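The primary structure of each chain is shown beneath.
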Amino acid sequence: MPEYHEVVHTRGQQTIGVWDAFASTYKVGKLTLAQHTTDVAGIFTNASQRDTAEAALSAARTAVSNQLLTLADLTIRFPRAIEGQLEPDSDLHQNIEDCRTIEPNTPENAVARGRKVIILLTAFNAERAAATPPDPEFSIKNAVANAPDMKLADLQTLVDDMPDLEQDVEDAKSALNKQRSALKKLSTKVDKNNKRWFDAWSGNFPDGSDELAALSQIDTGPHTPAPSALVINTVTPAAGGHFTAAYVGGGGNHATTLHLQWKVVGVDAEFGHDTLVVLAGQSVATGATTGATVIFRTKAANSQGTTYSAEKTGVAQ
C-alpha cells in the first residue's frame, strides 16, 4: 500500500501535467505552477532524507545492541574465569559477588556491572603482578574468532563508549522526527494545494471545454476512511526485557503505517519507543529491567488520521 506522501506526489504530478499543458500562467490565489512544481518535487527529496534518517537510527540501535551483547558476555565471563583462579580464602570472592548483583540486561546495567568488573580485574591483575615470579595481565578469549584476547583495557573501552553510543541513538531519533515532520508538513501542503487547484480549475472553465475535460487525467481516488485499530492479542515476556507481541487478525484496515509502541512504567512518561509492526508476531527489546511493567499499544495511521489500540501490559523478566 503506498504511503500518504506517495499518493499526494502522484496526484501532484497529474495536476502539474494538466496545469502546464492547458493554462500554465493560471494561478490559485498566490500559488503558481512553478511553486507547485517545486513543492511536488520536494516530497521525494524529503522522503529520501527520512529514509536515510531511519537507516541511521537503525544503525545506531544496532551498535548499542552489539555493544550490550559484548559487555554482557565479558562481564559474565571475566568474574567466572577469575573465580576459578582464586584461592578459596581470597577477599576477591566478595568482589565477584558484588558483580553478580547486577544483571547486564540493559545498557545502563551492563555499564554498572562493567565498572564493578573493572575494579575486580584491576585488583586481580595487581595480585598477579605481585606474585613471584610475576604473572602476566589476566585475559580471556575473544568471542570473535582469531581476534586478540580481551583484557582490562578492552573492557574499559567498552564501558566508556556505551554512553556515547546511547547518545547516538537519541540524536538519531531527533533527526528522524525532524525528517518525518518535514515530510508530513510538505505532503499536507501539496495535498491541500492539489485539491484547491482542482476546485478552482473546475469552477473556472465551462462544461465542454478541453481544460475541464482534462481533469479526467487526475486520479482523485475514493475517500479513504480512518484506519481501524490493530488489536494486540498477547505480550509475552522473555529474558532480558524482551517481549513477544501477537496480534488479532483483521485489524489495522486502511492503515498506511502500523507501529508497535511501548513505555516502561516509572521510566517513560510517554510512548517513546516504537517499531514497525510485523503482523505475524514479533519480538522487541524494551530495555525494561526485571520486574518493570511495560505498556504496549499499536498505532495505525493514514492520511485521514491515527487510531491507537487498547493498551496491553506485561511484566519484564
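The text that follows walks through the structure, step by step, so that each part is easy to find. What you see is a predicted model, and the numbers here were worked out from it, not measured in a lab. In every chain, residue numbers begin from 1 and rise along the written sequence. Reporting in this predicted model follows two pLDDT cut-offs: at least 70 for local features of residues, and 80 or more for side-chain atom pairs to be given and counted; totals over whole chains, interfaces and linings ignore these cut-offs and use all residues. The basis for every side-chain value is the complete set of heavy atoms in the structure, and neither hydrogens nor water enter the calculation.

## Considerations on the side chain of Arg128
The following threshold applies: Secondary structure elements follow DSSP: runs of H or I no shorter than four residues count as helices, runs of E no shorter than two count as strands, and numbering proceeds from the N terminus. Relative accessible area decides the class of each residue, using a 1.4 Å probe on protein chains only: under 20% of the type maximum gives buried, over 50% gives exposed, and in between gives partly exposed. For the purpose of charge, His is not counted, nor are the chain termini; Lys and Arg are scored as positive and Asp and Glu as negative. The rule for a salt bridge is simple: a side-chain nitrogen of Lys or Arg has to be within 4 Å of a carboxyl oxygen of Asp or Glu. Under the rule applied, a polar contact is a pair of N or O atoms within 3.5 Å (in protein, one hydrogen donor and one hydrogen acceptor; residues adjacent in sequence only if both atoms are side-chain atoms). Only heavy atoms matter for contacts: two residues are in contact if any of them lie within 4.5 Å across the pair.
If you trace the backbone, Arg128 turns up in helix 4 (residues 107-130). The side chain of Arg128 sits in the buried core without any salt bridge; Asp135 is the nearest counter-charge, 4.6 Å away. Side-chain polar atoms of Arg128 contact the backbone oxygen of Pro136, separated by 2.8 Å. When neighbours within four sequence positions are excluded, Arg128 is seen to be in contact with Pro134, Asp135, Pro136, Glu137 and Phe138.

## Points about the packing of helix 1 (residues 4-22) against helix 5 (residues 152-204)
Note the following rule: In this description, a line fitted to the C-alpha atoms serves as the axis of each element, helices being fitted only across the stretch in contact, and the angle between N-to-C directions of two axes falls anywhere from 0 to 180 degrees. Working rule for angles: under 35 degrees goes down as roughly parallel, over 145 as roughly antiparallel, 65 to 115 as roughly perpendicular, anything else as oblique. Crossing chirality is assigned from the near helix's rotation relative to the far helix, an anticlockwise turn below a right angle marking it left-handed and a clockwise turn marking it right-handed.
Here helix 1 crosses helix 5 at 40°, and the two axes come no closer than 9 Å. Taken together, the axes of helix 1 and helix 5 are oblique relative to one another. Pair helix 1 / helix 5 crosses with left-handed handedness. Packed against helix 1, whose contacting residues are Tyr4, His5, Val8, Arg11, Gly12, Thr15, Val18, Trp19 and Phe22, the element helix 5 presents Leu183, Ser187, Thr188, Val190, Asp191, Asn194, Lys195, Trp197, Phe198 and Trp201 at the interface.

## Quick word on the sheet that holds strand 1 (residues 232-237)
Applied cut-off: Pairing between two strands is assigned when DSSP locates at least 2 bridges connecting them.
One open sheet holds the 3 strands; their spatial order is 1-2-5, and the pairing between them is antiparallel. The open sheet terminates on both sides in strands that have one partner only, identified here as strand 1 and strand 5 (282-285). Taken pair by pair, the neighbouring strands of this sheet meet at an average axis angle of 25°, ignoring direction.

## A look at the pattern of salt bridges
In a structure, side chains of opposite charge can pair up when their charged atoms sit close to one another. Summed over the entire model, instances satisfying the criterion amount to 10 salt bridges. The closest approach of N and O atoms between Glu97 and Arg100, which form a salt bridge, is 3.9 Å. Between Lys173 and Glu170 there is a salt bridge, with the nearest N and O atoms lying 3.5 Å from each other. On the criterion of helical spacing, the pair formed by Lys173 and Glu170 is a turn pair, its members being 3 residues apart in helix 5. Judged by its relative accessible area of 17%, Lys173 is buried.

## So, the pairing of strand 5
Across the two faces of strand 5 the burial differs, with Gln282 and Val284 buried and Ser283 and Ala285 not buried at all. Across 4 bridges, strand 2 (residues 242-247) lies against strand 5 in antiparallel orientation. Its bridge partner being in strand 5, Ala245 is matched across the sheet by Gln282.

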